[in-house]
Amino acid sequence: MHKKLFIPGPVEVRPDVLEKMSTPMIGHRSKDASALQRRISDNMRKLFYTNSEILLSTTSGSGLMEGAVRSCTAKRAAIFSVGAFGDRWYDMAVSNNVPADLFEVEWGTPTTPEMVDKALATGKYDLITVTHNETSTGIMNPVEEIAEVMKKYPEVVWCLDTVSSAGGSKIEVDKLGVDICITSTQKSLGLPPGMAICTFSEKALERAKTVEHRGIYLDLLTLYKYIQKKDYQYPSTPSLSHMYALDYQLDRIVNVEGIENRFQRHKDMAEVVRAWAREHFEVFPQEQYLSNTLTNIKNTKEISISDLNKKLGERGFQISNGYGKLKDKTFRIAHMADCQMEDIKELLGVLDEILGF
Ligand SMILES: Cc1ncc(COP(=O)(O)O)c(C=O)c1O
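Okay, so let's go over this structure. (Residues numbered from 1 in each chain as written. Predicted model: local features only at pLDDT ≥ 70, side-chain atom pairs only at ≥ 80, totals over all residues. Heavy atoms only, no water.)

Some words on the overall build of the protein chain
When you go through the protein chain residue by residue, the secondary structure sums to 13 helices and 15 strands. Against the 2.2 N^0.38 benchmark of 21 Å for 357 residues, the protein chain shows a C-alpha radius of gyration of 20 Å, consistent with a compact globule. Taking the principal axes of its C-alpha atoms as reference, the protein chain extends roughly 60 × 55 × 35 Å. Within the protein chain, buried positions represent 59% of all 357 residues. (Helix = DSSP H or I, 4+ residues; strand = E, 2+ residues; numbered from the N terminus. Rg over C-alpha atoms; globule rule 2.2 N^0.38 Å. Buried < 20%, exposed > 50% of the residue type's maximum accessible area, 1.4 Å probe, protein only.)

Quick look at the structure:
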(Lines give C-alpha, C1' and ligand atoms only; values in the text may rest on other atoms or scores of the structure.)
Protein backbone atom coordinates (compact mmCIF):
# COMPACT_ATOMS: atom_id res chain seq x y z
CA MET A 1 0.00 0.00 0.00
CA HIS A 2 1.27 3.47 -0.84
CA LYS A 3 1.70 5.60 2.24
CA LYS A 4 0.64 9.21 1.89
CA LEU A 5 3.74 11.21 2.75
CA PHE A 6 3.65 13.91 5.40
CA ILE A 7 7.44 13.88 5.67
CA PRO A 8 9.49 16.98 4.78
CA GLY A 9 10.60 15.62 1.41
CA PRO A 10 10.20 13.76 -0.73
CA VAL A 11 6.56 14.76 -0.80
CA GLU A 12 3.42 13.40 -2.39
CA VAL A 13 3.53 14.24 -6.08
CA ARG A 14 0.31 14.80 -7.99
CA PRO A 15 -0.38 12.05 -10.57
CA ASP A 16 -0.55 14.58 -13.43
CA VAL A 17 2.88 15.95 -12.43
CA LEU A 18 4.34 12.43 -12.13
CA GLU A 19 2.99 11.59 -15.55
CA LYS A 20 4.99 14.44 -17.09
CA MET A 21 8.17 12.63 -16.02
CA SER A 22 7.46 10.01 -18.69
CA THR A 23 7.24 12.46 -21.60
CA PRO A 24 9.33 11.12 -24.53
CA MET A 25 12.89 12.46 -24.72
CA ILE A 26 14.09 15.24 -26.98
CA GLY A 27 17.68 16.13 -27.85
CA HIS A 28 19.16 18.33 -25.15
CA ARG A 29 20.72 20.49 -27.85
CA SER A 30 17.43 21.14 -29.61
CA LYS A 31 15.44 24.36 -29.87
CA ASP A 32 12.69 22.63 -27.88
CA ALA A 33 15.11 21.99 -25.02
CA SER A 34 16.12 25.67 -25.05
CA ALA A 35 12.48 26.76 -24.96
CA LEU A 36 11.68 24.33 -22.11
CA GLN A 37 14.59 25.57 -20.01
CA ARG A 38 13.82 29.21 -20.73
CA ARG A 39 10.18 28.78 -19.67
CA ILE A 40 11.27 27.15 -16.40
CA SER A 41 13.65 30.03 -15.70
CA ASP A 42 11.00 32.65 -16.43
CA ASN A 43 8.51 31.05 -14.03
CA MET A 44 11.14 30.46 -11.35
CA ARG A 45 11.95 34.19 -11.52
CA LYS A 46 8.30 34.89 -10.72
CA LEU A 47 8.28 32.44 -7.82
CA PHE A 48 11.46 34.01 -6.41
CA TYR A 49 10.47 37.64 -7.21
CA THR A 50 13.78 38.20 -8.96
CA ASN A 51 15.34 39.49 -12.14
CA SER A 52 18.47 37.40 -11.55
CA GLU A 53 19.45 34.56 -13.83
CA ILE A 54 18.18 31.11 -12.86
CA LEU A 55 20.52 28.11 -12.91
CA LEU A 56 19.33 24.49 -12.99
CA SER A 57 21.40 21.55 -11.85
CA THR A 58 20.80 17.84 -12.21
CA THR A 59 21.67 17.23 -8.58
CA SER A 60 19.61 17.58 -5.47
CA GLY A 61 19.82 20.90 -3.62
CA SER A 62 23.10 19.93 -1.96
CA GLY A 63 24.82 20.17 -5.35
CA LEU A 64 24.10 23.87 -5.71
CA MET A 65 24.84 24.52 -2.01
CA GLU A 66 28.30 23.03 -2.49
CA GLY A 67 28.70 24.84 -5.83
CA ALA A 68 27.69 28.20 -4.35
CA VAL A 69 30.11 28.20 -1.43
CA ARG A 70 32.95 26.95 -3.61
CA SER A 71 32.34 29.19 -6.64
CA CYS A 72 31.72 32.45 -4.83
CA THR A 73 33.98 32.62 -1.76
CA ALA A 74 37.14 34.57 -2.56
CA LYS A 75 38.12 35.42 1.01
CA ARG A 76 36.24 33.57 3.75
CA ALA A 77 32.69 32.29 4.26
CA ALA A 78 30.58 32.87 7.37
CA ILE A 79 28.24 29.90 7.71
CA PHE A 80 25.21 30.56 9.93
CA SER A 81 23.70 27.30 11.08
CA VAL A 82 20.49 26.62 12.97
CA GLY A 83 20.54 22.86 12.50
CA ALA A 84 21.72 19.88 10.49
CA PHE A 85 21.60 21.48 7.04
CA GLY A 86 23.51 24.59 8.10
CA ASP A 87 26.15 22.32 9.64
CA ARG A 88 26.35 20.40 6.38
CA TRP A 89 27.03 23.63 4.47
CA TYR A 90 30.01 24.21 6.73
CA ASP A 91 31.28 20.67 6.04
CA MET A 92 30.93 21.34 2.31
CA ALA A 93 33.05 24.49 2.60
CA VAL A 94 35.76 22.75 4.62
CA SER A 95 35.82 19.70 2.32
CA ASN A 96 36.29 21.98 -0.67
CA ASN A 97 39.17 23.82 0.97
CA VAL A 98 37.07 26.99 1.23
CA PRO A 99 38.10 29.03 4.31
CA ALA A 100 35.00 29.21 6.53
CA ASP A 101 33.77 29.78 10.08
CA LEU A 102 30.65 28.25 11.59
CA PHE A 103 28.22 30.34 13.65
CA GLU A 104 25.84 28.04 15.50
CA VAL A 105 22.85 28.53 17.77
CA GLU A 106 20.92 26.24 20.02
CA TRP A 107 18.54 24.08 17.94
CA GLY A 108 15.09 25.62 17.85
CA THR A 109 16.42 29.19 17.90
CA PRO A 110 17.16 31.39 14.87
CA THR A 111 20.11 33.13 13.27
CA THR A 112 19.68 36.70 14.47
CA PRO A 113 20.51 39.88 12.53
CA GLU A 114 22.78 40.84 15.44
CA MET A 115 24.86 37.68 14.97
CA VAL A 116 25.24 38.38 11.27
CA ASP A 117 26.17 42.02 11.92
CA LYS A 118 28.76 41.08 14.53
CA ALA A 119 30.42 38.52 12.27
CA LEU A 120 30.46 40.75 9.19
CA ALA A 121 31.72 43.79 11.13
CA THR A 122 35.06 41.97 11.49
CA GLY A 123 35.60 42.42 7.74
CA LYS A 124 36.82 38.83 7.49
CA TYR A 125 34.04 37.51 5.29
CA ASP A 126 32.95 38.02 1.70
CA LEU A 127 30.15 35.40 1.61
CA ILE A 128 27.51 34.26 4.05
CA THR A 129 25.21 31.27 4.02
CA VAL A 130 21.88 31.30 5.86
CA THR A 131 19.21 28.61 6.09
CA HIS A 132 15.78 30.05 5.38
CA ASN A 133 13.82 27.06 6.61
CA GLU A 134 15.69 24.48 8.70
CA THR A 135 14.03 21.12 8.15
CA SER A 136 15.75 19.47 11.12
CA THR A 137 14.33 21.93 13.65
CA GLY A 138 11.26 23.43 11.95
CA ILE A 139 12.49 26.97 12.22
CA MET A 140 12.12 29.74 9.67
CA ASN A 141 14.79 32.38 10.03
CA PRO A 142 13.98 36.12 10.13
CA VAL A 143 15.43 36.85 6.69
CA GLU A 144 13.75 40.27 6.38
CA GLU A 145 15.62 41.43 9.49
CA ILE A 146 18.85 39.85 8.29
CA ALA A 147 18.33 41.67 4.97
CA GLU A 148 18.41 45.03 6.82
CA VAL A 149 21.83 44.20 8.25
CA MET A 150 23.09 42.98 4.89
CA LYS A 151 22.52 46.46 3.43
CA LYS A 152 25.58 47.56 5.45
CA TYR A 153 27.76 45.00 3.66
CA PRO A 154 27.23 45.41 -0.09
CA GLU A 155 30.39 43.49 -0.93
CA VAL A 156 29.21 40.29 0.78
CA VAL A 157 27.55 37.57 -1.31
CA TRP A 158 24.44 36.16 0.42
CA CYS A 159 23.56 32.49 -0.18
CA LEU A 160 20.19 31.33 1.13
CA ASP A 161 19.03 27.72 1.51
CA THR A 162 15.34 27.63 0.64
CA VAL A 163 15.34 23.89 -0.08
CA SER A 164 12.32 23.17 2.11
CA SER A 165 10.48 26.48 1.71
CA ALA A 166 10.61 27.70 -1.90
CA GLY A 167 7.22 27.19 -3.47
CA GLY A 168 5.56 27.12 -0.05
CA SER A 169 6.68 30.38 1.51
CA LYS A 170 7.21 33.83 0.02
CA ILE A 171 10.87 34.59 -0.61
CA GLU A 172 11.42 37.94 -2.31
CA VAL A 173 14.96 37.40 -3.51
CA ASP A 174 15.67 40.85 -4.99
CA LYS A 175 13.98 42.77 -2.17
CA LEU A 176 15.98 40.80 0.39
CA GLY A 177 19.19 41.22 -1.58
CA VAL A 178 19.87 37.49 -1.75
CA ASP A 179 22.49 36.62 -4.36
CA ILE A 180 22.14 32.85 -4.59
CA CYS A 181 18.82 31.39 -3.49
CA ILE A 182 18.84 27.60 -3.68
CA THR A 183 16.09 25.01 -3.73
CA SER A 184 15.33 21.39 -4.63
CA THR A 185 12.45 19.85 -6.54
CA GLN A 186 11.30 17.29 -3.94
CA LYS A 187 9.90 19.57 -1.26
CA SER A 188 7.49 22.50 -1.50
CA LEU A 189 7.65 22.55 -5.29
CA GLY A 190 5.98 19.13 -5.28
CA LEU A 191 8.13 17.12 -7.71
CA PRO A 192 10.26 13.99 -7.46
CA PRO A 193 13.84 14.44 -6.15
CA GLY A 194 16.66 14.96 -8.65
CA MET A 195 16.97 18.61 -9.63
CA ALA A 196 18.13 21.78 -7.95
CA ILE A 197 17.46 25.39 -8.87
CA CYS A 198 19.13 28.64 -7.84
CA THR A 199 19.13 32.34 -8.56
CA PHE A 200 22.47 33.90 -9.53
CA SER A 201 22.92 37.66 -9.11
CA GLU A 202 25.31 40.03 -10.89
CA LYS A 203 27.26 40.32 -7.66
CA ALA A 204 27.63 36.55 -7.41
CA LEU A 205 28.66 36.44 -11.06
CA GLU A 206 31.36 39.08 -10.63
CA ARG A 207 32.61 37.34 -7.50
CA ALA A 208 32.86 33.93 -9.17
CA LYS A 209 35.06 35.48 -11.87
CA THR A 210 37.65 36.24 -9.19
CA VAL A 211 37.65 32.76 -7.63
CA GLU A 212 40.14 30.11 -8.74
CA HIS A 213 39.48 26.35 -8.59
CA ARG A 214 35.73 26.44 -8.78
CA GLY A 215 35.53 22.86 -10.05
CA ILE A 216 33.50 22.10 -13.17
CA TYR A 217 30.15 20.32 -12.72
CA LEU A 218 29.02 22.47 -9.81
CA ASP A 219 30.72 25.68 -10.89
CA LEU A 220 27.99 28.29 -11.07
CA LEU A 221 30.02 30.51 -13.42
CA THR A 222 30.43 27.67 -15.93
CA LEU A 223 26.68 27.03 -15.84
CA TYR A 224 25.92 30.74 -16.20
CA LYS A 225 28.27 31.31 -19.13
CA TYR A 226 27.04 28.24 -20.96
CA ILE A 227 23.36 29.09 -20.77
CA GLN A 228 24.08 32.64 -21.96
CA LYS A 229 26.03 31.39 -24.96
CA LYS A 230 23.86 28.38 -25.82
CA ASP A 231 20.34 29.74 -25.37
CA TYR A 232 19.56 28.16 -22.00
CA GLN A 233 21.16 24.81 -22.74
CA TYR A 234 23.37 23.20 -20.11
CA PRO A 235 26.97 21.94 -20.42
CA SER A 236 26.04 18.35 -19.40
CA THR A 237 22.96 16.30 -20.25
CA PRO A 238 20.27 17.42 -17.81
CA SER A 239 17.34 15.42 -16.45
CA LEU A 240 14.86 16.37 -19.14
CA SER A 241 12.23 14.29 -17.33
CA HIS A 242 12.42 16.57 -14.32
CA MET A 243 12.34 19.58 -16.59
CA TYR A 244 9.10 18.46 -18.22
CA ALA A 245 7.49 17.95 -14.82
CA LEU A 246 8.93 21.20 -13.43
CA ASP A 247 7.72 23.19 -16.43
CA TYR A 248 4.22 21.76 -16.02
CA GLN A 249 4.19 22.26 -12.26
CA LEU A 250 5.43 25.86 -12.43
CA ASP A 251 2.72 26.68 -14.92
CA ARG A 252 0.16 25.22 -12.50
CA ILE A 253 1.64 27.16 -9.56
CA VAL A 254 1.90 30.50 -11.37
CA ASN A 255 -1.15 30.40 -13.63
CA VAL A 256 -3.62 27.96 -12.10
CA GLU A 257 -3.28 28.04 -8.31
CA GLY A 258 -1.58 31.43 -8.13
CA ILE A 259 1.63 32.08 -6.17
CA GLU A 260 0.01 34.09 -3.37
CA ASN A 261 -2.79 31.51 -2.96
CA ARG A 262 -0.21 28.78 -2.69
CA PHE A 263 1.66 30.61 0.08
CA GLN A 264 -1.60 31.29 1.90
CA ARG A 265 -2.59 27.61 1.67
CA HIS A 266 0.72 26.68 3.31
CA LYS A 267 0.18 29.22 6.11
CA ASP A 268 -3.36 27.96 6.71
CA MET A 269 -2.23 24.33 6.93
CA ALA A 270 0.64 25.34 9.24
CA GLU A 271 -1.81 27.10 11.59
CA VAL A 272 -3.97 23.99 11.89
CA VAL A 273 -1.03 21.68 12.60
CA ARG A 274 0.46 24.11 15.14
CA ALA A 275 -2.88 24.39 16.94
CA TRP A 276 -3.09 20.58 17.13
CA ALA A 277 0.51 20.42 18.37
CA ARG A 278 -0.10 23.05 21.08
CA GLU A 279 -3.24 21.29 22.23
CA HIS A 280 -1.63 17.87 22.65
CA PHE A 281 2.15 18.49 22.78
CA GLU A 282 4.29 21.62 22.25
CA VAL A 283 5.89 23.10 19.17
CA PHE A 284 9.67 22.68 19.29
CA PRO A 285 11.06 25.95 17.83
CA GLN A 286 10.65 29.40 19.34
CA GLU A 287 7.08 30.48 18.61
CA GLN A 288 7.91 33.59 16.56
CA TYR A 289 10.03 31.61 14.07
CA LEU A 290 7.79 28.72 13.04
CA SER A 291 8.14 27.22 9.58
CA ASN A 292 5.21 27.47 7.17
CA THR A 293 6.05 24.17 5.50
CA LEU A 294 6.66 21.77 8.39
CA THR A 295 5.92 21.62 12.10
CA ASN A 296 8.40 20.10 14.51
CA ILE A 297 6.55 18.87 17.60
CA LYS A 298 8.09 18.23 21.02
CA ASN A 299 7.31 14.69 22.13
CA THR A 300 6.18 15.86 25.58
CA LYS A 301 4.12 12.68 26.10
CA GLU A 302 7.17 10.50 25.35
CA ILE A 303 5.25 8.32 22.94
CA SER A 304 7.12 5.88 20.70
CA ILE A 305 7.39 7.68 17.38
CA SER A 306 8.31 4.51 15.51
CA ASP A 307 5.22 2.71 16.90
CA LEU A 308 3.13 5.71 15.93
CA ASN A 309 4.52 5.67 12.41
CA LYS A 310 3.91 1.92 12.19
CA LYS A 311 0.28 2.40 13.09
CA LEU A 312 0.00 5.32 10.70
CA GLY A 313 1.60 3.16 8.01
CA GLU A 314 -1.08 0.49 8.48
CA ARG A 315 -3.61 3.20 7.71
CA GLY A 316 -1.66 4.57 4.73
CA PHE A 317 0.13 7.60 6.20
CA GLN A 318 3.70 8.51 7.11
CA ILE A 319 5.18 11.31 9.22
CA SER A 320 8.82 11.91 10.27
CA ASN A 321 10.68 11.23 13.44
CA GLY A 322 12.89 14.01 14.85
CA TYR A 323 16.10 14.63 12.90
CA GLY A 324 19.49 13.44 14.21
CA LYS A 325 19.87 14.31 17.87
CA LEU A 326 16.14 15.13 18.04
CA LYS A 327 15.14 11.54 17.14
CA ASP A 328 12.27 10.44 19.46
CA LYS A 329 12.45 13.83 21.22
CA THR A 330 10.43 15.47 18.45
CA PHE A 331 8.41 14.39 15.44
CA ARG A 332 7.68 16.32 12.28
CA ILE A 333 4.60 16.80 10.16
CA ALA A 334 5.16 18.35 6.75
CA HIS A 335 2.43 20.48 5.21
CA MET A 336 4.00 21.37 1.92
CA ALA A 337 3.72 21.17 -1.85
CA ASP A 338 0.28 20.09 -3.09
CA CYS A 339 -0.92 18.78 0.26
CA GLN A 340 -4.37 20.24 0.94
CA MET A 341 -6.20 21.20 4.12
CA GLU A 342 -8.42 18.10 3.77
CA ASP A 343 -5.28 15.91 3.76
CA ILE A 344 -4.01 17.58 6.93
CA LYS A 345 -7.37 17.22 8.67
CA GLU A 346 -7.53 13.59 7.64
CA LEU A 347 -4.04 12.96 9.04
CA LEU A 348 -4.78 14.76 12.31
CA GLY A 349 -8.00 12.75 12.65
CA VAL A 350 -6.09 9.51 12.24
CA LEU A 351 -3.46 10.70 14.75
CA ASP A 352 -6.23 11.51 17.25
CA GLU A 353 -7.69 8.06 16.78
CA ILE A 354 -4.35 6.28 17.24
CA LEU A 355 -3.28 8.42 20.20
CA GLY A 356 -6.70 8.34 21.86
CA PHE A 357 -7.24 12.13 21.88
C1 LIG B 1 16.94 22.79 4.72
C2 LIG B 1 17.58 21.80 3.82
N3 LIG B 1 18.72 22.14 3.20
C4 LIG B 1 19.35 21.29 2.38
C5 LIG B 1 18.87 20.02 2.15
C6 LIG B 1 19.58 19.13 1.22
O7 LIG B 1 18.86 19.09 0.04
P8 LIG B 1 18.90 17.86 -0.96
O9 LIG B 1 18.47 16.65 -0.20
O10 LIG B 1 17.95 18.29 -2.04
O11 LIG B 1 20.30 17.77 -1.43
C12 LIG B 1 17.70 19.61 2.77
C13 LIG B 1 17.18 18.26 2.56
O14 LIG B 1 16.37 17.74 3.30
C15 LIG B 1 17.04 20.53 3.62
O16 LIG B 1 15.90 20.19 4.21
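Now, onward.
Quick word on helix α6 (residues 143–150)
Those residues of α6 that fall on the buried side of the exposure criterion are V143, I146, A147, V149 and M150. The buried residues of α6 occupy an angular sector of 160 degrees when the element is viewed end-on, so they sit on one face. Against α5 (113–120), β5 (127–131), β8 (157–161) and α7 (173–176) lie the buried residues of α6. (Arc of directions from axis to C-beta. Contact = heavy atoms within 4.5 Å.)

Details of the site of the ligand
Residues in contact with the ligand amount to 13 residues; listed here are only the nearest, S60, S62, T135, D161 and K187. In this structure, an oxygen atom belonging to the ligand sits 2.5 Å away from a side-chain N or O atom of S60. In the environment of the ligand, an oxygen atom lies 2.5 Å from a nitrogen or oxygen atom belonging to the side chain of K187. Against a free-state accessible area of 390 Å², the protein chains account for coverage of 90% of the ligand. The cavity where the ligand resides is the second largest pocket. (Near = heavy atom within 4 Å. Polar contact = N/O pair within 3.5 Å; in protein donor to acceptor, adjacent residues only side chain to side chain. Areas by Shrake-Rupley, 256 points an atom, 1.4 Å probe, with all protein chains shown as cover. 1 Å grid on protein atoms, 1.4 Å probe; cavity = no way out; pocket = protein on both sides within 12 Å on 5 of 7 lines; lining within 4 Å. Sits in = over half its atoms within 2 Å of the grid points.)

As for the sheet that holds strand β11 (residues 282–283)
Spatially, four strands are ordered β11-β12-β15-β14 in an open sheet, and the strand pairing comes out antiparallel. Both edges of this open sheet fall to β11 and β14 (320–321), since each of them pairs with a single strand only. One ladder, built from five bridges, connects strand β12 (residues 294–298) with strand β15 (residues 330–334); its direction is antiparallel. Note that in β15 the partner of L294 across the bridge is A334. (Pairing = 2+ DSSP bridges.)

Observations regarding the layout of surface pockets
Of the volumes computed, that of the largest pocket is approximately 380 Å³. If you trace the largest pocket, you find 22 residues lining it, with M140, S169, K170, K267 and N292 closest to the centre. When contributions to the lining of the largest pocket are tallied by element, the ones reaching two or more residues are α6 and α11 (259–280). It is α11 that provides the largest number of residues to the lining of the largest pocket, a total of six residues. Of the residues assigned to the lining of the largest pocket, the class counts are eight nonpolar, seven polar and seven charged. In this structure, the second largest pocket encloses a volume near 260 Å³. Lining the second largest pocket are 21 residues, with F85, R88, V163, Q186 and K187 sitting closest to its centre. (Points joined across faces, edges and corners; volume = space filled by probe spheres on them. Nonpolar A, V, L, I, M, F, W, Y, C, P; charged D, E, K, R; others polar.)

Thoughts on the pairing of strand β9 (residues 180–184)
Across the five residues of β9, five count as buried, placing the element largely inside the fold. Residues of β9 alternate between two faces, with I180, I182 and S184 on one and C181 and T183 on the opposite face, all of them buried. Pairing geometry for β8 and β9, over three bridges, is parallel. In the sheet register, L160 faces β9, and the bridge partner there is C181. Bridge count between β9 and strand β10 (residues 196–200): three bridges; the pairing is antiparallel. From the neighbouring strand, T183 faces β10, where its bridge partner is I197.

Quick word on the sheet that holds β5
What the seven strands build is an open sheet, ordered β2-β10-β9-β8-β5-β3-β4; its pairing is mixed. Looking along the sheet, the strands with just one partner apiece sit at the ends: β2 (53–57) and β4 (100–104). Across this sheet, the average inter-strand angle for adjacent strands is 20 degrees, counted without regard to direction. On top of the sheet, helix α3 (residues 61–72) reaches β2, β3 (77–81), β5, β8, β9 and β10; it is set at about 160 degrees to β9, its chief contact. (Axes fitted to C-alpha atoms, helices over the stretch in contact; angles between N-to-C directions.)

A word on unusual backbone geometry
Of the consecutive residues G9 and P10, the connecting peptide bond is found in the cis state with omega at -10 degrees. Unusually for a residue other than glycine, D231 sits at a positive phi of about 50 degrees. Relative to the helices and strands, D231 resides in the loop between α9 (220–229) and α10 (240–257). Even without being glycine, E302 reaches a positive phi, approximately 50 degrees. With respect to the element layout, E302 can be found in the loop between β12 and α12 (305–314).

Thoughts on empty space enclosed by the protein
Per the counting criterion, the structure on display carries one cavity of 30 Å³ or more. Each pocket or cavity is described by its volume, and for the largest cavity that value is around 30 Å³. As for the largest cavity, its lining consists of G138, R274, V283, P285, L290, S291, L294, T295 and N296. Element by element, the count of residues in the lining of the largest cavity is highest for β12, at three residues.

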